[in-house]
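Notes for the structure review
What follows is each chain in one-letter form.
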Amino acid sequence: MADPKGFLTHTQRILPLRRPVSERVGDWNEVYQEFAEDTLREQAGRCMDCGVPFCHTGCPLGNLIPEWNDLVRTGRWREAFDRLHATNNFPDFTGRLCPAPCEPACVLGINQPPVTIKQVEYEIVERGFMQGWAEPIRPSKMTGKSVAVVGSGPAGLAAAQQLTRAGHAVTVYERDDRIGGLLRYGIPEFKMEKRIVDRRLAQMAAEGTVFRAGVNVGVDVTADQLRSDFDAVVLAGGATAWRDLPIPGRELDGIHQAMEYLPWANRVQAGDLSEPPITAHGKKVVIIGGGDTGADCLGTVHRQGGTCVHQFEIMPRPPETRDPSTPWPMYPLIMRTSAAHEEGGDRVFSVNTEEFIGRDGHVTGLRAHEVRRRNGGFEKVDGTDFELEADLVLLAMGFVGPERSALLTDLGVEFTGRGTVARDADFATGVPGVYVAGDMGRGQSLIVWAIAEGRAAAAGADRYLMGKTALPAPVTPTMAPIR
Ligand SMILES: Cc1cc2nc3c(=O)[nH]c(=O)nc-3n(C[C@H](O)[C@H](O)[C@H](O)COP(=O)(O)OP(=O)(O)OC[C@H]3O[C@@H](n4cnc5c(N)ncnc54)[C@H](O)[C@@H]3O)c2cc1C
Ligand code: SF4
């Protein structure tokens, strides 16, 4: 039972402070300062334990939010840790990286700032790791069945952990040289230090999951081999085909996709090399794309020492507060200022890039103009043309879907009209024993959805192997995206 007066006593929503900008741009560590336990427990005590907890509707994992809020309020951390893991394999990832769709859905948010759900989640899991509670959970008996998981992002890892714990022999294949998907090579160190991924992988390895990095399935291991070596397959290869900007000048040197740029910064932090082959150091940078990937480029540019940086977004500047078109408990489109934005750079909204300009084969700038929305598209605002100097341009305009790789073709899976791998209500592709989870089936999305889908696909695969399953399936493929 929650404190009935908690939200009346503590009306303020308090979040941890970020480290000073001058300090944090000088390193690659995570940006948040420690949060006092007393304050956190007061914040958890603002939860009303609603009869109908709308926060649940916001969370694809169905996290038991009011339960662990109250366990934290009353200092029962170990129980909170277990309840948190009952629905989420990796709260250490979501506690840092999730946009927390549960919070705008919180009932308290109707007339007060919502409960700090994400911070409570973060503190529970961090305390648990510190106390040694994240022990391996080994299966009580093995089933004699084997499963291959292709792709080691959050979807593949969640599926692998569920299936390993269910007693199957699980091998995770990853074409990159390290395990982790976008958690490893994509999301910058300052948003999540890679030791966080490593400690989770250590738990999974101790449970019995086998990891094989540097194996491109479909090339190094053929689809036929995969089918004959394993009883079931979970495809979790992500949506790695990026959207391009085919305008005049695109062929110039110095114009790169965000995912050609960001992984190098991760590799430098991993100690693979001292200087990245693509760096913002001493450069004028323009990032095209105003979303999270663009913000990750921005924070990376700051740390590499770019001399100036602009981030372009074709959409208009969002409102500061919830718009009537996204009423509570919907996820609102509002102006969000990430840590990277706080660190500097100019955000430019309603802008379209028309042409890249260059000299001697290298980009030196771009031509752009303002746009306004019209009939669902964009129209140029006359007289707003401008040029901007740039010697590094980063394209962060999202992803169009999974790559049409040899693996998918050889397996014979079907595709949706959006180019993602088609699946039924059980996350099964049309090919018997082959399941799909995460961005590969859903299209570019969020870590929380990848974990939820990984869990659901694991339940589908387990049912296929055993005729029944006790694994939870929190989502279905037809559930509407929150974001
Ligand atoms: C730069 C960036 C920042 C992001 N930041 C956030 C954030 O802060 N919060 C958030 O919620 N979401 C964020 N996202 C989105 C989030 O990372 C993805 O939605 C999520 O990682 C998808 O998980 P996944 O497991 O489906 O795929 P991925 O994480 O993409 O992993 C797929 C893996 O499969 C591997 N693979 C593909 N094909 C094969 C093959 N044939 N053989 C072997 N391996 C293969 C790939 O190499 C890759 O490592 C971000 C995305 C990007 C690009
Ligand atoms: S909706 Fe908000 S106040 Fe209600 S149970 Fe969920 S977190 Fe607590």
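Each value, and the rule that gives it
- Residues numbered from 1 in each chain as written.
- Chains lettered and ligands numbered in written order.
- Predicted model: local features only at pLDDT ≥ 70, side-chain atom pairs only at ≥ 80, totals over all residues.
- Heavy atoms only, no water.
- UniProt positions renumbered as here; feature names shortened; annotations may be inferred.
- Helix = DSSP H or I, 4+ residues; strand = E, 2+ residues; numbered from the N terminus.
- Rg over C-alpha atoms; globule rule 2.2 N^0.38 Å.
- Buried < 20%, exposed > 50% of the residue type's maximum accessible area, 1.4 Å probe, protein only.
- Contact = heavy atoms within 4.5 Å.
- Near = heavy atom within 4 Å.
- 1 Å grid on protein atoms, 1.4 Å probe; cavity = no way out; pocket = protein on both sides within 12 Å on 5 of 7 lines; lining within 4 Å.
- Sits in = over half its atoms within 2 Å of the grid points.
- Nonpolar A, V, L, I, M, F, W, Y, C, P; charged D, E, K, R; others polar.
- Core = buried A, V, L, I, M, F, W, Y, C linked by side-chain atoms within 4.5 Å.
- Domains from an automatic or database assignment.
- Polar contact = N/O pair within 3.5 Å; in protein donor to acceptor, adjacent residues only side chain to side chain.
- Areas by Shrake-Rupley, 256 points an atom, 1.4 Å probe, with all protein chains shown as cover.
- Axes fitted to C-alpha atoms, helices over the stretch in contact; angles between N-to-C directions.
- Parallel < 35°, antiparallel > 145°, perpendicular 65-115°, else oblique.
- Left-handed = near helix turned anticlockwise from the far one by under 90°.

- Named according to an unreviewed UniProt entry, the chain is Glutamate synthase [NADPH] small chain originating from Mycolicibacter algericus.
- The chain has a UniProt comment under Pathway (unreviewed entry) that states "Amino-acid biosynthesis."

**Topic: the overall build of the chain**
- Assigned secondary structure in the chain consists of 17 helices and 16 strands.
- In terms of overall dimensions, the chain is globule-like: its C-alpha atoms have a radius of gyration of 23 Å, near the 23 Å expected for 483 residues.
- Summarising its shape, the C-alpha atoms of the chain cover approximately 65 × 65 × 50 Å along the three principal directions.
- In the chain, which comprises 483 residues, the share counted as buried stands at 53%.
- In the chain, once contacts between residues fewer than 6 apart in sequence are set aside, the share between residues at least 24 apart is 68%.

**Some thoughts on the site of ligand 2**
- Around ligand 2, 13 residues are found, and the nearest of them are C47, C50, C55, C106 and V107.
- Spatially, ligand 2 is embedded in the second largest cavity.
- A total of three residues in the shell around ligand 2 trace back to one element, the largest contributor, which is helix 5 (residues 65-73).
- In terms of residue class, the shell around ligand 2 is made up of eleven nonpolar, one polar and one charged.

**Focus: the nonpolar core**
- Among the nonpolar cores identified, the biggest contains 46 residues, and F93, L163, L183, M192 and V234 are the most heavily contacted of them.
- At the level of secondary structure, the elements contributing two or more residues to this core comprise helix 7 (91-97), strand 1 (146-150), helix 9 (154-165), strand 2 (169-174), helix 10 (194-207), strand 4 (232-235) and helix 17 (447-466).
- Among the elements that take part in this core, helix 17 stands out by supplying twelve residues, more than any other.
- The two domains that each donate at least three residues to this core are domain 1 (5-131) and domain 2 (146-240 + 400-466).
- Not counting chain neighbours up to four residues away, the residues in contact with V234 comprise V147, A148, V149, V150, A159, L163, Y435, A457 and A461.
- Among the nonpolar cores identified, the runner-up in size contains 27 residues, and F7, F35, I65 and L71 belong to it.

**Side note on the site of ligand 1**
- The local shell around ligand 1 holds 32 residues, among which L97, E174, K191, V217 and D439 are the closest.
- Residue L182 places a main-chain N or O atom 3.1 Å away from an oxygen atom belonging to ligand 1.
- Relative to its unbound accessible area of 1,000 Å², ligand 1 is 96% covered by the protein chains.
- Elements with a contribution of two residues or more to the shell around ligand 1: helix 9, strand 2, helix 13 (292-304) and helix 17.
- Its residues placed into classes, the shell around ligand 1 shows 16 nonpolar, eleven polar and five charged.
- Both domain 2 (146-240 + 400-466) and domain 3 (244-397) contribute no fewer than three residues apiece to the shell around ligand 1.

**Digging into the packing of helix 9 against helix 17**
- Remark: helix 9 packs on helix 17, axes separated minimally by 7 Å, with the N-to-C direction vectors making an angle of 40°. Viewed along their axes, helix 9 and helix 17 adopt a mutual orientation that is oblique. Handedness of the crossing formed by helix 9 with helix 17: right-handed. Where helix 9 approaches helix 17, its residues P154, A155, A158, A159, Q162 and L163 are matched on the opposing element by I447, A450, I451, G454, R455, A458, A461 and D462.
- Along the lines of polarity and charge, the residues of the contact of helix 9 with helix 17 split into ten nonpolar, two polar and two charged.

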